[in-house]
Amino acid sequence: MLDGSMDPSVLCALSGRLPGGNAGTLGSFTPSEPRPGAAALARAGPPAEPNGRTIRAVPDVHDPPADSDLADLTFLFSDIEGSTRLWETEAGRMRVALDAHDRLTRDAVVAHGGWIVKTTGDGAHAAFERPLDALNATVALQLALADPQATGGLPLRVRCGLHRGWHERRGNDYYGRDVNRAARIGSIAHGGQVLVSQAVAEAVAGALPEGVALKDLGRVRLRDLSSPERVHQVLHPGLRADFPALRSLESTPNNLSQQLNAFIGRESDLAEVARLLREHRLVTLLGTGGIGKSRLSVQLGAELLDRHADGVWLVELAPLSDEALVPQAVAGVLGVKEAPGGSVLDALLDFVRERRLLIILDNCEHLLAACADLAKRLLRAGAGLTLLATSREALHIAGECSYPVPALTTPRPQPLAAGGPDAESLSRHTAVQLFVDRARGALPAFRIEPRNAAAVAEICQRLDGIPLAIELAAARVRALPVTAIAERLRESFRLLATTDQTVLPRQRTLRVLIDWSHDLLAPPERALLRRLAVFAGGWTLDAAEAVCAGDGLEADEVLDLLTLLVEKSLASMDLDTGRYRLLDTVRHYARERLVEAGEQPALRDRHLSPFVDQYGAFEF
Ligand SMILES: Nc1ncnc2c1ncn2[C@@H]1O[C@H](COP(=O)(O)OP(=O)(O)OP(=O)(O)O)[C@@H](O)[C@H]1O
Ligand SMILES: [Mg+2]
């Protein structure tokens, strides 16, 4: 039940919600904003070039060059370390220092041919056509900031990250994986440190100005949970050189695994739940299947590592069917073992007592009572413990704060007479961003064009912005034009509208979509999908071959079929472990198909063979 009027705990989430759905929290320049001119430059004093020369005062501009649409750009993200604390303790001086900081940043960027994309309250996002210009601007900025007098006597330590690559321009802003990656690289730096990606390091190799060098810091895992990035620190005699270890994913213990694709949007959800987790020790992300609760929880875990010195630990409960095993599942993840004569629960309570931990209980809905009971005990035992649960239903314990996870934003239906949606306004919607990202994964040349824009908008609307449904539809772009996908969906929904009216609209949408994806599978793919439902907690290729082959499926076909299911987003593979899994919603669907096909007795027998037993749990 997600009705805020019925459940007071929901109110804690809604009261602080920002208006405007998923709107970002970053400020951006507007044409009316005052820009510093020559006078401001003179006041600040001209920053020095990395090679000692002074940079020239240039007219202030922030608009990107007209042809920056297609160019491969280099992005700078900067951020003042400890700005929250400075605002709390030195508000007056901070205001002056921040003004100076903004001015120095703009001056350094503009003097090197770049432009400010937006300011972020305590940092900036800038873009450059040439990587070397970006690097020189950043060094110039750091050199200028190295003198505390430049910021009114309050020293500001700014972390900076540079990365170059693909982007999508909307108005004066830039979006896309490489833009996000630049921000992530900046976020792991320490104040005063400049980090550049491998792509930037390669681009500037051999062209570095005198005195500037790069130090290879190796491959690090970023907090977007994407594949590791090799980063380099910029060295200059005028800048600090030694810093503590990077603030990467590895710097705090955790078991968050690398994600295969980009996390899209949800800036305000991330900010809001992070805020709620400061005030409440149990926050439950609520929502229908496939809405993105688990993915949001993992992303939050990565973002909140700094708050939890003893780690962030994700406990996947979806594969568990026995309530009594919930404490074991948590203990297993934390590496806690019972003392001789004691219970696992006692050992767990003992473990959390003195630690600062965030435990994510993922997919609690089928084990509500056990999760509620364990949560109560854990929270009572450990004052430094915070719990984040994901569930289709609240745990209903005292102190719980529920946060209904909204769907991604979708474009409004437009009358045909309006000429259809344009690519730029469509791309503002996070459902469209997800569709495009996943479609590009299947077909790299995919982009929104006038001939497919209306169909993309229609797909996202019909699928109610449910991420799982959108992923399943987008995975089809290699085989079907988007107009055909939209047409087939229209047909499926027409059929549905005349049949089952009892199911909630969102659940119906997802059901139609999974049905639809299933109907498009070839018979051997369908057979494999339904048989994979016997694995409760994921499986290896060997196990799938041993258990699922037979009755029309050859063992040596399994790998190819599995690959096809992964390509169609019906199954996924964990890069770290090489194990495969079905999302919970898909697995339930596959299980129904298995029962319908009458295959479960044969599957159970094959699964129980001693050879296969070691690979994964069988569940029915
Ligand atoms: N913000 C997002 N960015 C990118 N992908 C997302 C996002 N949200 C969800 N997804 C993807 O959509 C799919 C469904 O999301 P998820 O598994 O988090 O849903 P859920 O609400 O936990 O569903 P269930 O109730 O079945 O557990 C996953 O493949 C996930 O990676
Ligand atoms: Mg989930």
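Treat the numbers as computed from the prediction; the structure is a model and nothing was measured.

About the criteria used
- Residues numbered from 1 in each chain as written.
- Chains lettered and ligands numbered in written order.
- Predicted model: local features only at pLDDT ≥ 70, side-chain atom pairs only at ≥ 80, totals over all residues.
- Heavy atoms only, no water.
- Helix = DSSP H or I, 4+ residues; strand = E, 2+ residues; numbered from the N terminus.
- Buried < 20%, exposed > 50% of the residue type's maximum accessible area, 1.4 Å probe, protein only.
- Contact = heavy atoms within 4.5 Å.
- Pairing = 2+ DSSP bridges.
- Axes fitted to C-alpha atoms, helices over the stretch in contact; angles between N-to-C directions.
- Salt bridge = Lys/Arg side-chain N within 4 Å of Asp/Glu carboxyl O.
- Left-handed = near helix turned anticlockwise from the far one by under 90°.
- Nonpolar A, V, L, I, M, F, W, Y, C, P; charged D, E, K, R; others polar.
- Parallel < 35°, antiparallel > 145°, perpendicular 65-115°, else oblique.
- Donors = N, O, S within 2.8 Å, 3.2 Å for Na, K, Ca; no water.
- Near = heavy atom within 4 Å.
- Polar contact = N/O pair within 3.5 Å; in protein donor to acceptor, adjacent residues only side chain to side chain.
- Areas by Shrake-Rupley, 256 points an atom, 1.4 Å probe, with all protein chains shown as cover.

## Description of the environment of Leu-426
Then, in step 1: With respect to the helices, strands and loops of the structure, Leu-426 is situated in helix 13 (residues 423-426).
Then, in step 2: The buried category is assigned to Leu-426, whose relative accessible area is 1%.
Then, in step 3: Residues in contact with Leu-426, not counting those within four places in the same chain, are Pro-411, Pro-421, Val-432, Ile-448, Ala-453 and Ala-457.

## A short note on the sheet that holds strand 1 (residues 73-80)
Then, in step 1: Overall, mixed pairing links the seven strands, which are arranged 2-3-1-4-7-9-8 in an open sheet. Looking at strand neighbours, the two that pair on one side only are strand 2 (115-119) and strand 8 (213-220), the edges of this open sheet. With direction set aside, neighbouring strand axes in the sheet form an average angle of 25 degrees.
Then, in step 2: Of the pairings in the sheet, the one linking strand 1 to strand 4 (residues 158-165) comprises eight bridges and is antiparallel in character.

## A few points about the pattern of salt bridges
Then, in step 1: Summed over all chains, the structure comprises 27 salt bridges.
Then, in step 2: The closest approach of N and O atoms between Glu-316 and Arg-581, which form a salt bridge, is 3.8 Å. Placement of Glu-316 in strand 11 (residues 312-316) and of Arg-581 in strand 16 (residues 580-581) is noted, with a sequence separation of 265 residues between them.
Then, in step 3: Take Glu-316: its relative accessible area is 39%, and that puts it in the partly exposed class.
Then, in step 4: Residue classification places Arg-581 among the partly exposed residues on the basis of a relative accessible area of 33%.
Then, in step 5: Between Arg-593 and Asp-515 there is a salt bridge; the shortest N-O distance is 3.9 Å. Remark: Asp-515 occurs in helix 18 (residues 505-519) and Arg-593 occurs in helix 22 (residues 584-597); sequence separation between them is 78 residues.
Then, in step 6: Given a relative accessible area of 26%, Asp-515 falls into the partly exposed group.

## Side note on the packing of helix 4 (residues 91-111) against helix 5 (residues 131-145)
Then, in step 1: Packing of helix 4 against helix 5 brings their axes to within 8 Å, and their N-to-C directions diverge by 150 degrees. Of the two possible hands of crossing, helix 4 and helix 5 adopt the one that is right-handed. Residues His-101, Leu-104, Thr-105, Ala-108 and Val-109 of helix 4 form the contact with helix 5, whose own contacting residues are Ala-137, Ala-140, Leu-141, Ala-144 and Leu-145.
Then, in step 2: When grouped by side-chain class, the residues that make up the contact of helix 4 with helix 5 number eight nonpolar, two polar and no charged.

## Some remarks on the packing of helix 14 (residues 430-442) against helix 15 (residues 453-462)
Then, in step 1: Viewed as axis vectors pointing N to C, helix 14 and helix 15 meet at an angle of 115 degrees, and their least axial separation amounts to 10 Å. Considering the angle they form, helix 14 stands roughly perpendicular to helix 15. Judged by the twist between their axes, the crossing of helix 14 over helix 15 is right-handed. Two secondary-structure elements touch here, helix 14 through Ala-431, Val-432 and Phe-435 and helix 15 through Val-456, Ile-459 and Cys-460.

## Thoughts on the coordination of the magnesium ion (ligand 2)
Then, in step 1: With distances of 2.0 to 2.4 Å, the protein atoms coordinating the magnesium ion (ligand 2) are Ser-294 (OG) and Asn-363 (OD1). Note that Ser-294 is positioned in helix 9 (residues 293-303) and Asn-363 in the loop between strand 12 (357-362) and helix 12 (368-381), a separation of 69 residues in sequence.
Then, in step 2: By relative accessible area, Asn-363 is classed as buried at 9%.

## A short note on the site of ligand 1
Then, in step 1: Around ligand 1, 22 residues are found, and the nearest of them are Lys-293, Asn-363, Arg-438, Glu-471 and Thr-585.
Then, in step 2: Take Lys-293: an N or O atom from its side chain is 2.7 Å from an oxygen atom of ligand 1.
Then, in step 3: In the environment of ligand 1, an oxygen atom lies 2.7 Å from a nitrogen or oxygen atom belonging to the side chain of Asn-363.
Then, in step 4: The protein chains hide 93% of the 630 Å² of surface that ligand 1 would expose on its own.
Then, in step 5: Elements with a contribution of two residues or more to the shell around ligand 1: helix 9, helix 14, helix 16 (467-474) and helix 22.

## Concerning the sheet that holds strand 13 (residues 385-391)
Then, in step 1: Ordered in space as 11-12-13-10-14, the five strands form an open sheet in which the pairing is parallel. At either end of the open sheet lies a strand with only one pairing partner, and these are strand 11 and strand 14 (400-404). When the angles between neighbouring strand axes are averaged without regard to direction, this sheet yields 20 degrees.
Then, in step 2: Sitting on the sheet, helix 9 is in contact with strand 10 (282-286), strand 11, strand 12 and strand 13, with an inclination near 160 degrees to strand 13.
Then, in step 3: Lying over the sheet, helix 10 (residues 326-334) contacts strand 11 and strand 12, oriented at roughly 140 degrees with respect to strand 11.

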